[in-house]
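Residue strings, one per chain:
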Amino acid sequence: MNILEVKNLKNYFHTRDGIVKAVDDVSFHVAKGETLGVVGESGSGKSVTHLAYLGLLPSPPSKIESGNVHFQGKDLLHMDLESLRKLRGNKISMIFQDPMTSLNPFLSIKTQLMETILTHTNISEQDAYKKSVEGLIQVGIPAADKRIESYPHELSGGMRQRVMIAMALLNNPELLIADEPTTALDVTIQAGVLELIDNLKKQKGMSVILITHDLGVVAGLTDRIIVMYAGQIKEEASTFDIFNTPKHPYTKALLQSVPRLDTTKGNRLLSIPGLPPDLAKPPTGCRFHPRCPEKIDKCDKEEPQLKEVGNCKVSCHLY
Amino acid sequence: MIRYILKRILSTIPVLLIIATITFFIIRIVPGGPFDSEKALPPEILETINKKYHFDEPLYMQYLRYIKDLAHLDLGPSFKYANRSVNEIIMQSFPVSFELGFWALLFASIFGIIAGILSSLRHNSRVDYFFMGLATLGISLPSFVLGPLLVLIFALHFNILPVAGWSSIPHMIMPVITLGAMYTAYIARLTRGGMLEIVNQDFIRTARAKGLKERTIVLRHTLKGGLLPVVTFLGPAFAGIVTGSLVVETIFNVPGLGRYFIQSALNRDYTMVMGTVLFYAVILIFMNLVVDIVYTLLDPRVKYE
Ligand SMILES: Nc1ncnc2c1ncn2[C@@H]1O[C@H](COP(=O)(O)OP(=O)(O)O)[C@@H](O)[C@H]1O
Ligand SMILES: [Mg+2]
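Note that the structure is predicted; figures quoted are calculated from it, not measured. (Residues numbered from 1 in each chain as written. Chains lettered and ligands numbered in written order. Predicted model: local features only at pLDDT ≥ 70, side-chain atom pairs only at ≥ 80, totals over all residues. Heavy atoms only, no water.)

Enquirer: So, the overall build of chain B: which residues are in play, and what are the values?
Expert: In terms of helices and strands, chain B carries 13 helices and 0 strands. Considered along the principal axes of its C-alpha atoms, chain B spans approximately 85 × 60 × 30 Å. Put simply, chain B has 305 residues, and 41% of those count as buried. Taking all contacts inside chain B whose residues are at least 6 apart in sequence as the whole, residues at least 24 apart take part in 73%. Accessible surface for chain B amounts to roughly 16,400 Å². Of this, 69% is attributable to carbon and sulfur atoms. Averaging the locations of the 26 positively and 19 negatively charged side chains of chain B gives two centres separated by 13 Å. (Helix = DSSP H or I, 4+ residues; strand = E, 2+ residues; numbered from the N terminus. Buried < 20%, exposed > 50% of the residue type's maximum accessible area, 1.4 Å probe, protein only. Contact = heavy atoms within 4.5 Å. Areas by Shrake-Rupley, 256 points an atom, 1.4 Å probe, with all protein chains shown as cover. Lys, Arg positive; Asp, Glu negative; His and termini not counted. Charge placed at Lys NZ, Arg CZ, Asp CG, Glu CD.)

Enquirer: Would you mind going over the site of ligand 1 in detail, with residue names and values included?
Expert: All names here are of chain A. In the vicinity of ligand 1, the contacting residues are Phe13, Thr15, Ala22, Glu41, Ser42, Gly43, Ser44, Gly45, Lys46, Ser47, Val48 and Leu279. Residue glycine 45 places a main-chain N or O atom 3.1 Å away from an oxygen atom belonging to ligand 1. One nitrogen or oxygen atom from the side chain of serine 47 is found 2.7 Å from an oxygen atom belonging to ligand 1. Elements with a minimum of two residues in the shell around ligand 1: β1 (2-15) and α1 (46-53). Here the shell around ligand 1 gets 3 residues from one element, more than from any other, and that element is α1. (Near = heavy atom within 4 Å. Polar contact = N/O pair within 3.5 Å; in protein donor to acceptor, adjacent residues only side chain to side chain.)

Enquirer: Give me the lowdown on the confidence of the model for chain A, citing residues and values where you can.
Expert: With 96% of its residues at a pLDDT of at least 70, chain A reaches an overall mean of 92. The low-confidence segment residues 262-268 of chain A (pLDDT under 50) makes 8 contacts with residues lying over four places distant or belonging to another chain. (pLDDT = per-residue confidence, 0-100.)

Enquirer: With reference to specific residues and values, describe the interface of chain A and chain B.
Expert: Counting residues at the interface gives 25 residues for chain A and 22 residues for chain B. Taken over both partners, the interface formed by chain A and chain B buries close to 2,200 Å², and the fraction arising from carbon and sulfur atoms is 60%. When the buried surface of chain A facing chain B is broken down by residue, Phe96, Phe106 and Glu115 of chain A rank first, second and third, together holding 30% of it. For the pair chain A and chain B, the number of links is 2 salt bridges. The salt bridge partner of glutamate 115 of chain A is lysine 210 of chain B, with a shortest N-O separation of 2.8 Å. Counting the contacts that link chain A with chain B gives 14 residue pairs in polar contact (both at pLDDT 80 or more). Only α3 (99-102), α4 (109-118) and α7 (157-169) of chain A provide two or more residues apiece to the side of chain A that touches chain B. Here the side of chain A that touches chain B takes 4 residues from α4 of chain A, the largest share from any one element. The residue makeup of the side of chain A that touches chain B, split by class, is 11 nonpolar, 10 polar and 4 charged. (Buried area = accessible area lost by both parts, 1.4 Å probe. Salt bridge = Lys/Arg side-chain N within 4 Å of Asp/Glu carboxyl O. Nonpolar A, V, L, I, M, F, W, Y, C, P; charged D, E, K, R; others polar.)

Enquirer: Summarise the packing of aromatic side chains; cite the residues concerned and give the values.
Expert: Within this structure, the stated rule accounts for 22 aromatic pairs over all chains. Between phenylalanine 24 of chain B and tyrosine 63 of chain B the ring centres are 5.3 Å apart and the planes differ by 65°, which places this aromatic pair in the edge-to-face class. Of this pair, phenylalanine 24 of chain B sits in helix α1 (residues 2-29) while tyrosine 63 of chain B sits in helix α3 (residues 59-71), placing them 39 residues apart in sequence. When the centroid spacing of 5.9 Å and the interplanar angle of 85° are considered together, the rings of phenylalanine 98 of chain B and phenylalanine 238 of chain B count as edge-to-face. Residue phenylalanine 98 of chain B is found in helix α4 (residues 86-121), and its partner phenylalanine 238 of chain B is found in helix α10 (residues 228-242); the two are separated by 140 residues along the sequence. Classification of phenylalanine 238 of chain B as buried rests on a relative accessible area of 19%. Grouping aromatic residues by their ring pairs yields a cluster made of Phe94, Phe98, Phe102, Trp103, Phe238 and Phe279 of chain B. The residue whose ring lies beneath arginine 28 of chain B is phenylalanine 24 of chain B, and the NZ or CZ to ring-centre distance is 4.3 Å. Above the face of the phenylalanine 106 of chain A ring, arginine 301 of chain B is positioned so that its terminal group lies 5.2 Å from the ring centre. (Phe/Tyr/Trp six-rings, centres within 6.5 Å; stacked < 30°, edge-to-face > 60°. Lys NZ or Arg CZ within 6 Å of the ring centre and 35° of its normal.)

Enquirer: Lay out the nonpolar core with the relevant residues and their values.
Expert: Residue and element names in this part refer to chain A. With 91 residues, the main nonpolar core has Leu4, Phe28, Tyr53, Leu76, Ile165, Ile177 and Ile209 as its most contacted residues. Broken down by element, this core gets its largest block of residues, 8 residues, from α7. What isoleucine 177 contacts, discounting residues up to four positions off in sequence, is His50, Tyr53, Leu54, Ile92, Ser93, Met94, Ile95, Ile209 and Ile211. (Core = buried A, V, L, I, M, F, W, Y, C linked by side-chain atoms within 4.5 Å.)

Enquirer: With reference to specific residues and values, describe the sheet that holds strand β5 (residues 74-75) of chain A.
Expert: All names here are of chain A. Strand order in the open sheet formed by 4 strands is β2-β1-β4-β5, and the pairing between neighbours is antiparallel. Edge strands, defined here as strands with exactly one partner in the open sheet, are β2 (18-31) and β5. Sheet topology places β1 next to β2; 10 bridges connect them, and they run antiparallel. By the bridge assignment for β2, valine 6 is matched with phenylalanine 28. (Pairing = 2+ DSSP bridges.)

Enquirer: Tell me about helix α9 (residues 214-226) of chain B, and name the residues and values.
Expert: Here α9 of chain B contains 13 residues, and its C-alpha end-to-end distance of 15 Å is more than 12% below the 18 Å for a straight helix at 1.5 Å per residue. Taken residue by residue, α9 of chain B has Ile217, Val218, His221, Thr222, Leu223, Gly225 and Gly226 of chain B as its buried positions. (Expected span 1.5 Å × (residues − 1).)

Enquirer: Talk me through the side chain of arginine 88 of chain A; I want residue IDs and the actual numbers.
Expert: The residue arginine 88 of chain A is located in the loop between α2 (81-87) and β6 (92-95) in this model. Of the side chains with opposite charge, glutamate 214 of chain B comes closest to the buried, unpaired arginine 88 of chain A, at an N-O distance of 5.7 Å. Not counting chain neighbours up to four residues away, the residues in contact with arginine 88 of chain A comprise Leu54, Gly55, Leu56 and His120 of chain A together with Arg208, Ala209, Lys210 and Gly211 of chain B.

Structure, rendered in structure tokens:
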């Protein structure tokens, strides 16, 4: 059973410089208990896709142009704002990239944790407090009953991200969306935070969407991966297939930019030559063609469609 | 915290001493003296006066004498209001200015903050344009225009408020509005700017992602940070407003400190000028201390040791 189904979602930004097609006809699903990886260069529309159906984008300039999004069978795009609010932070939780700016510096951790519970559940303040402390213990914060009194600036980056994770899980969500949860963290603690998310996922049996620009991050954690470029999905396959038989030239390029420990040159980071396109004026045909090493004649004329190739889906004229 | 406050209070003493010194010598450099008038006074009277106010002594002696009195919180006799000390005059007129200023600033804070919040919530809407248009008007309309305009309408035409004076609540309405208008406009703009700055922060998106109600997001998550610029503004504004406004006090014939201050400068009433300057400085310094303390209450990242 699919917990989330997104069909033909389009979300544009109506800016002074034109219409930015940040999400342009995106379809995917998340099965119950599954971890879906969403990868792509920065600016490819990974965040906007998920912020859009949760109603978390400023409108204007953002507007959902068309599409369908169903969560547990409920239509997210056509429900009233109050019902959507009651899902957020409750059934669907989100963790953001930068724990330094994602917690309110003016409020204590206690306030920010407790309000997350109290806004969705009718329980006493004491019970909410107890649950909050338990939440902190669960994410491995030492001396949780003391730490809960702190303000965000008194904690390290890693601790703050653990607080964010604890906060996201307080109401036992069915779906957790982790948007680059380790990108802003020190390399030495990234693995610990990812492992924590993975463990909690298994413990609670929730579904996870793990967004990242670094394929290396998702390797051991995801079941399936979608690869995004310029607001579109270029490839969708099991994690195994993405790493072993990548089809789209863009996916291959992304894999080459993953830092590897086993190369003789040591830790290196290649980036894909060229720049991501201006989404207000995307290239004709395949949006990746100006940077594609395997470009053929029709790539700049005809837009490829996402089609099934073996066990995968890929949007490329080579297949 | 207590130690910090004590330290701040002690550190004002040298500041006040410097202000006293500079003012003392500046007003004496300015041509003219307190006892110059169109009719020259007979020499013997002038001599008695000079003796009485120690004008016959060298300047540095007068200075030391003034500082010594100041150490005892004695601001000396007024040179123009015979038989009245500067302390007496300030004590008598300051409460009036304080009352006027207090109500004006309260009026300005309430309406300014509400207008600012509404504007920021309906950013770039008609509500926003309306309030910000009004604010621009408030800032550009001087009180010597607004005051008489109000008098014309409410006192002379509709006859529902007294023209001038300071003896009852109806008397206070127009001066308070006239004095508060510009402050209301400033506070509305600062509130709007501060709120918009916070609204675009990541943590507001987090608050929304947690499913908090809009009301909670505004009142708990946005307001505290959004009002910081207003708090910074209110401190010095309070010091300025409670020490009196010449224009408003003159228009409405309010017996406050503002009128004395300007009058004393024109009269070369040396002690009165110095007294009001020092008094203003003390209030300003005190208000800045209050602002800093309020800051620590609003923003946990700010700590003073
Ligand atoms: N508020 C906005 N106004 C205009 N364009 C935006 C806005 N937010 C995001 N975008 C654009 O949408 C595109 C996708 O952004 P995003 O989803 O954040 O990328 P990422 O894949 O790095 O998460 C980017 O090109 C970005 O410039
Ligand atoms: Mg992103």
